[in-house]
Amino acid sequence: QLVVACPNCLSVFAGRLSVPVVDIYTYLIERKVPCRLEAHALEVFLPCPDRKDGRIRQAAETWTGAVLKPATGLPCCGLGIRNPDAAGNALRKAVSGSDGLSPYCASCYGHLYRNGAKVKPHLLSQGLGLHEKPAQGLRLALNRLKPLRW
């Protein structure tokens, strides 16, 4: 089983691999891992792959027990846009409008954080009581090389 923390990874890998692919929130629910989040409602940055059906947001709501209200009027974070100018424009709008939002997509969180957005910690980190931030600089590059040693 492949467990992913990014809706885009779920949409890319689901149905294309010989193993089941599941989002992290569904995985935590299935294993009855408790959520430590005490909020009753959070405004979240909505990742592109989840904008249509909200499947991962619904799983995150079930795990956290909180209502996750998508912020309105924001484009995607820009990671999924192939045109560099359009991606840059989307990122600038997302960064300027995402202050205080709780991302629940690992890719969006890392991209927004590394580009100066003042977002809250990733929803998963909040729910597990962790205090972590996305890797940057050399650490980011080294993390991306780790799979080559597996």
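Everything below is about the structure printed above this text.
These numbers come from a predicted model, not from an experiment.

1. Details of the pattern of salt bridges
Here comes step 1: Counted by the stated rule, this structure contains two salt bridges.
Here comes step 2: One salt bridge connects E61 with R57, and the closest N-O pair in it is separated by 3.6 Å. Of this pair, E61 and R57 both sit in helix 3 (residues 55–64), four residues apart, roughly one helical turn.

2. A few points about the sheet that holds strand 5 (residues 102–103)
Strand-to-strand pairing in sheets goes through backbone hydrogen bonds, with the strands running parallel or antiparallel.
Here comes step 1: In space, the three strands of this open sheet follow the order 4-3-5, with parallel pairing throughout. Of all the strands in the sheet, just strand 4 (67–70) and strand 5 have a single pairing partner and so form its edges.
Here comes step 2: One ladder, built from four bridges, connects strand 3 (residues 41–45) with strand 4; its direction is parallel. Along strand 4, the bridge assignment pairs E43 with K69.
Here comes step 3: Docked against the sheet, helix 3 engages strand 3 and strand 4, running at close to 145 degrees with respect to strand 4.

3. Observations concerning the nonpolar core
Here comes step 1: Ranked by size, the top nonpolar core spans 19 residues in total, and within it Y25, L42, L68, Y104, L123 and L124 carry the most contacts.
Here comes step 2: Within the residue set of this core, elements represented by two or more residues are helix 2 (24–30), strand 3, helix 3 and helix 6 (123–128).
Here comes step 3: Sequence-distant contacts of L124, that is, excluding residues within four places in its chain, are made with I24, Y25, L28 and W63.
Here comes step 4: Counting residues in each nonpolar core, the second largest holds 15 residues, with C77, A94, L112 and V119 among its members.

Cut-offs applied
- Residues numbered from 1 in each chain as written.
- Predicted model: local features only at pLDDT ≥ 70, side-chain atom pairs only at ≥ 80, totals over all residues.
- Heavy atoms only, no water.
- Salt bridge = Lys/Arg side-chain N within 4 Å of Asp/Glu carboxyl O.
- Helix = DSSP H or I, 4+ residues; strand = E, 2+ residues; numbered from the N terminus.
- Pairing = 2+ DSSP bridges.
- Contact = heavy atoms within 4.5 Å.
- Axes fitted to C-alpha atoms, helices over the stretch in contact; angles between N-to-C directions.
- Core = buried A, V, L, I, M, F, W, Y, C linked by side-chain atoms within 4.5 Å.
- Buried < 20%, exposed > 50% of the residue type's maximum accessible area, 1.4 Å probe, protein only.

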